[in-house]
Amino acid sequence: MTDTHSCPLCTERYDDHKDLRVHLEVEHRKSELVSYLVELDAAVTDISSEREPTTVDEERPAPSA
Ligand SMILES: [Zn+2]
């Protein structure tokens with residue numbers, strides 16, 4: 001059960017991704033960061049499911065070192 005979302009700006013941790021978003025918006029008011037997390041979450045979901053055909057045009061380098 002490591003499905004916790006930790007705030008990158010502090011040490012707060014939330015089981016629910018939505019709670020983390022609310023925390024960021026309320027405590028840090030980082031709308032850009034929220035968008036970043038949303039994109040990150042979407043990217044993870046995309047990997048676990050299937051690739052979007054819209055990303056075929058340009059392949060991004062793997063983040064693995
Ligand atoms: Zn925080």
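Residues numbered from 1 in each chain as written. Predicted model: local features only at pLDDT ≥ 70, side-chain atom pairs only at ≥ 80, totals over all residues.

With that settled, consider the overall build of the protein. If you tally the helices and strands in the protein, you get 2 helices and 2 strands. Counting from the amino terminus, the protein carries its helices and strands in the arrangement β-β-α-α. (Helix = DSSP H or I, 4+ residues; strand = E, 2+ residues; numbered from the N terminus.)

Caution is warranted with low-pLDDT regions, since their predicted coordinates should not be read in detail. Summarising the model, the protein shows a mean pLDDT of 72, and 49% of its residues fall at 70 or more. Element-level pLDDT for the protein is lowest in helix 2 (residues 31–48), with a mean of 63, against a maximum mean of 92 in strand 2 (residues 13–14). (pLDDT = per-residue confidence, 0-100.)

As recorded in UniProt, the sites labelled "domain: C2H2-type" (unreviewed entry) are residues 7–28. With 55% helix and 9% strand, residues 7–28 has its two end C-alpha atoms placed 10 Å apart. (UniProt positions renumbered as here; feature names shortened; annotations may be inferred.)

Within the fold, histidine 28 resides in helix 1 (residues 17–28). Given 15 C-beta atoms within a 10 Å radius, histidine 28 is considered partly exposed. Along the primary structure histidine 28 and leucine 9 are separated by 19 residues, whereas in three dimensions their C-alpha atoms are 7.9 Å apart. (Buried ≥ 20, exposed ≤ 12 C-beta atoms within 10 Å, placed from the backbone.)

This part is about helix 1. Here helix 1 is 12 residues long and its end C-alpha atoms lie 16 Å apart, about the 16 Å a rise of 1.5 Å per residue gives. Just beyond helix 1, the residue with positive phi is arginine 29, at close to 55°. (Expected span 1.5 Å × (residues − 1).)

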